[in-house]
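A closer look at the structure
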Amino acid sequence: MAKPKNILFIMFDQLRWDYLSCAGHPHLHTPHIDALAAEGVRFTRAYVQSPVCGASRMSFYTGRYVHSHGATWNRVPLKVGERTLGDHLRQSGMECWLVGKTHMKADDEGMAWLGIDRESQIGVRVEQCGFDVWERDDGMRPEGPDGHYDETYGAAAYNDWLRDKGYHSANPWHDFANSGRDESDPEEMASGWFLRNARKAAAIREDDSETPYMTSRAIEFMEQAGDTPWCLHLSYIKPHWPYIAPAPYNDMYGPEHVPPVARHERELTEAHPVFKAFMEGRIGRAFSRDEVREAVIPAYMGLIKQCDDQMGRLFAWLKETGRWDDTMIVLTSDHGDYLGDHWMGEKDLFHEPSVKVPLILRHPGAEADATRGTSCDALVEAIDLAPTFVEVAGGEARPHILEGRSLMPWLRGETPEWRDFVVSEYDYSVNPAVSKLAKDPSSARLFMIADARWKFMHAEGMRPQLFDMQEDPCEFVDLGESPAHREIIDMMHERLGRWARRLSQRTTRSDAQIVAERDRSPKRGIVLGVYDEEEVPAPMTQAYRGRPRPVSAG
């Protein structure tokens, strides 16, 4: 087969790059994901454009840096007019569908301003990040005194399905799928929001939990898919918190399987102001406690094990139905999870556990045979997937819109001209505590520049950070104020400035179109700089000589 017909774009939520056995985890065995890597290429230096769900995903879906698309954090809308995967792929005759999460916030104001009918096909696609929706489920259905976090896309269809299966409550997503039960009272919930409950079994049959449910919905889509090529974005919710797994996955791992924590006392005493604010927050303080890590990480590992088992189920179905031979499979995550490393939990910042992600590409065609089972240490960004998919679909390259680079040369065993550094960004303006460090919301920004050795962080109005990833792979020693590293810091500042000055907003004309404009006929009446009509050939100014011409007939 010369090229795949379809693309299966699998994304997990909050899956660390190093929590796979093919990436070297000592206790967590993921044979099905490993088998995918054995048939494809595993990229070992893949970085997201922002280590937070919404901003990261918008970069995956647009192929553009956060600096370009502007959706800088969760619930910041992607503006109307930003082209997404669906827009590009449909131009090449490939459908683009969604099963699962996008974390997309629609630009309601922009849609109203332009009079876009939300019920129309274009309106639905604008609202859904360019996807046609088989089922959107952003997973998050927390409920507090002010209502649900996400009334519309937070597991609404899944909740209805659970009730039909016999899980009767107002919010079965929480009450069953993400809660255990108290040992002293089997009717009393042990909520997954409370970290001490992480080792309990979720009060749901395993095959009714979120990950198997999403796999089933993806299979249902593929069963009915016709002959038109498709890209299916299968976007899982786990192993994202709440950290609680159904049996038997809740009890597969224990504290003895928890890797040693990566943190150092000097990180506390020499903390950068922004990092210090995150360390001292409730999440950072919680994950700095050993009992929290020993409760949460085994559950997190169990959720990943369940994800891997579902990959086994999904891949077996693809092989049984012949889809394995005509489908390119891409597996990644939207960001990682600190899990207590560097005295922090969650994600948000630029240490490797947070900003680096797993990335595996498996191409079914013979052109990729030479690289099967290999790893690639090229500096890869999330925005590289969109141009990769466009190439696979047979579309023309669009570098004036898509800021990433196709990964297909690496799959073919080529060594293309490549980037020297990767970029990630973070907007902390919505964080009530951390945002106090900035003079205004527009200043509450962080930028990461990382190359094969150095990782640099720029914070507006504050000192930089610098880590030597070769000598200090754990990122304990901040060299941001080291006089001996001034040249490196200056180089990184220069790179950041060069990146910020790139041409990123001229998306309506390609370089080829600009060059073609130079050859546009000069005989269209503009004669600037002419003092006397005799200075140019007569035909050039014939419309400007003599008497006004009559209106031509017709």
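This text follows the structure it describes.
To keep things clear, this report deals only with the structure shown in the data block. (Residues numbered from 1 in each chain as written. Predicted model: local features only at pLDDT ≥ 70, side-chain atom pairs only at ≥ 80, totals over all residues. Heavy atoms only, no water.)

Counted residue by residue, helix H15 (residues 385–392) has seven buried out of eight residues, so it is predominantly covered. The set of residues buried in H15 consists of Leu385, Ala386, Pro387, Thr388, Phe389, Val390 and Val392. A positive backbone phi angle near 90° is found at Gly394, which sits one or two residues after H15. (Buried < 20%, exposed > 50% of the residue type's maximum accessible area, 1.4 Å probe, protein only. Helix = DSSP H or I, 4+ residues; strand = E, 2+ residues; numbered from the N terminus.)

This paragraph deals with the sheet that holds strand E2 (residues 41–43). With respect to topology, eight strands assemble into an open sheet ordered E5-E4-E11-E1-E13-E15-E2-E16, the strand pairing being mixed. The sheet is open, and its two edges are formed by strand E5 (132–136) and strand E16 (374–376), each paired on a single side. Pairwise comparison of adjacent strand axes, ignoring direction, gives a mean angle of 15° for this sheet. Bridge count for E2 against E16 is three bridges, and the pairing is parallel. In the sheet register, Arg42 faces E16, and the bridge partner there is Ser375. Across the sheet, helix H2 (residues 53–62) touches strand E1 (6–12), strand E11 (230–235) and strand E13 (327–333), and the angle it forms with E1 is around 170°. Contacts from helix H9 (residues 210–224) reach strand E4 (95–100), E5 and E11 within the one sheet, and its direction differs from that of E11 by about 170°. (Pairing = 2+ DSSP bridges. Axes fitted to C-alpha atoms, helices over the stretch in contact; angles between N-to-C directions. Contact = heavy atoms within 4.5 Å.)

With respect to the element layout, His335 can be found in the loop between E13 and helix H14 (352–355). At 3.4 Å, the side chain of His335 forms a polar contact with the side chain of Asp334. Contact partners of His335, with chain neighbours within four places excluded, come to Asp13, Gln14, Leu15, Val48, Pro51, Val52, Cys53, Lys347, Ser354 and Val357. (Polar contact = N/O pair within 3.5 Å; in protein donor to acceptor, adjacent residues only side chain to side chain.)

A word on the sheet that holds strand E17 (residues 380–381). As summarised here, the arrangement of the three strands in space is E14-E3-E17, forming an open sheet in which the pairing is mixed. Sheet topology places strand E14 (356–357) and E17 at the edges, where each strand pairs with a single neighbour. The pairing of strand E3 (residues 46–47) with E17 spans two bridges and is classified as parallel. Residue pairing in the sheet places Ala46 in a bridge with Val380 of E17.

Following the criterion strictly, the structure yields 22 aromatic pairs and no others. Ring plane angle 40° and centroid distance 5.4 Å describe the contact between Trp97 and Phe221, whose orientation is recorded as tilted. With Trp97 in strand E4 and Phe221 in helix H9, this pair connects stretches of sequence that are 124 residues apart. On the accessibility criterion, Trp97 (19% relative accessible area) is buried. With 6.1 Å between their ring centres and 20° between their planes, Tyr158 and Trp161 make a pair best called stacked. Pair noted here: Tyr158 and Trp161 are both in helix H7 (residues 156–164), with a separation of three residues, about one helical turn. By relative accessible area, Tyr158 is classed as buried at 0%. Three or more aromatic residues joined by ring pairs form one cluster here, namely Tyr19, Tyr243, Phe287 and Tyr300. Looking at Arg136, its charged tip hangs above the ring of Tyr153, at a distance of 3.6 Å from the centre. A cation sits over an aromatic face here: Arg502 above Trp499, 4.2 Å from the ring centre. (Phe/Tyr/Trp six-rings, centres within 6.5 Å; stacked < 30°, edge-to-face > 60°. Lys NZ or Arg CZ within 6 Å of the ring centre and 35° of its normal.)

Turning our attention to H9. If you check H9, its first and last C-alpha atoms are 22 Å apart, about what 15 residues at 1.5 Å a residue would give, namely 21 Å. Here H9 has its buried residues at Glu210, Thr211, Pro212, Tyr213, Met214, Thr215, Arg217, Ala218, Ile219, Phe221 and Met222. (Expected span 1.5 Å × (residues − 1).)

Moving on: the nonpolar core. Looking at soluble globular proteins, one finds that nonpolar side chains tend to be buried together. Counting 71 residues, the largest nonpolar core has Phe9 and Phe43 as its most contacted members. When neighbours within four sequence positions are excluded, Phe43 is seen to be in contact with Leu359, Leu361, Cys376, Val380, Leu407, Trp410 and Leu411. Among the nonpolar cores identified, the runner-up in size contains 59 residues, and Tyr243, Val292, Phe315 and Leu318 belong to it. (Core = buried A, V, L, I, M, F, W, Y, C linked by side-chain atoms within 4.5 Å.)

One pass over the full model with this rule turns up 46 salt bridges. For Arg125, the salt bridge identified is with Asp132, shortest N-O distance 2.8 Å. With relative accessibility at 15%, the residue Asp132 sits in the buried group. For the salt bridge of Glu391 with Arg412, the shortest nitrogen-to-oxygen distance reads 3.0 Å. In this pair, Glu391 sits in helix H15 while Arg412 sits in the loop between helix H16 (408–411) and strand E18 (422–427), placing the two residues 21 residues apart along the sequence. On the basis of relative accessible area, Arg412 is assigned to the partly exposed category, the value being 26%. (Salt bridge = Lys/Arg side-chain N within 4 Å of Asp/Glu carboxyl O.)

Among the six residues that make up E4, five are buried, leaving the element largely enclosed by the rest of the structure. For E4 and E11, the ladder comprises six bridges, and the chain directions are parallel. Counted as the bridge partner of Cys96 is Cys231 from E11. Pairing of E4 with E5 involves four bridges; the strand directions are parallel.

Here we come to the environment of Asp308. Looking at where Asp308 falls in the secondary structure, it is placed in helix H13 (residues 290–320). Each C-alpha atom, one on Asp308 and one on Asp13, is 13 Å from the other, the two residues being 295 residues apart in sequence. Look past the residues within four positions of Asp308 in its chain and what remains in contact with it is His29, Thr30, Pro31, His32 and Ile33.

All chains considered together, the criterion is met by zero disulfides. The cysteine Cys129 is free of any disulfide, with Cys96 supplying the nearest cysteine sulfur at 9.3 Å. A residue is classified by how much of its surface remains accessible, and Cys129, at 2% relative accessible area, is buried. Distance from the sulfur of Cys231, which forms no disulfide, to the nearest cysteine sulfur (Cys96) is 4.4 Å. Looking at Cys231, the relative accessible area reads 0%, which means it is buried. (Disulfide = S-S within 2.5 Å.)

Just geometry here; none of it tells us what the structure is for.
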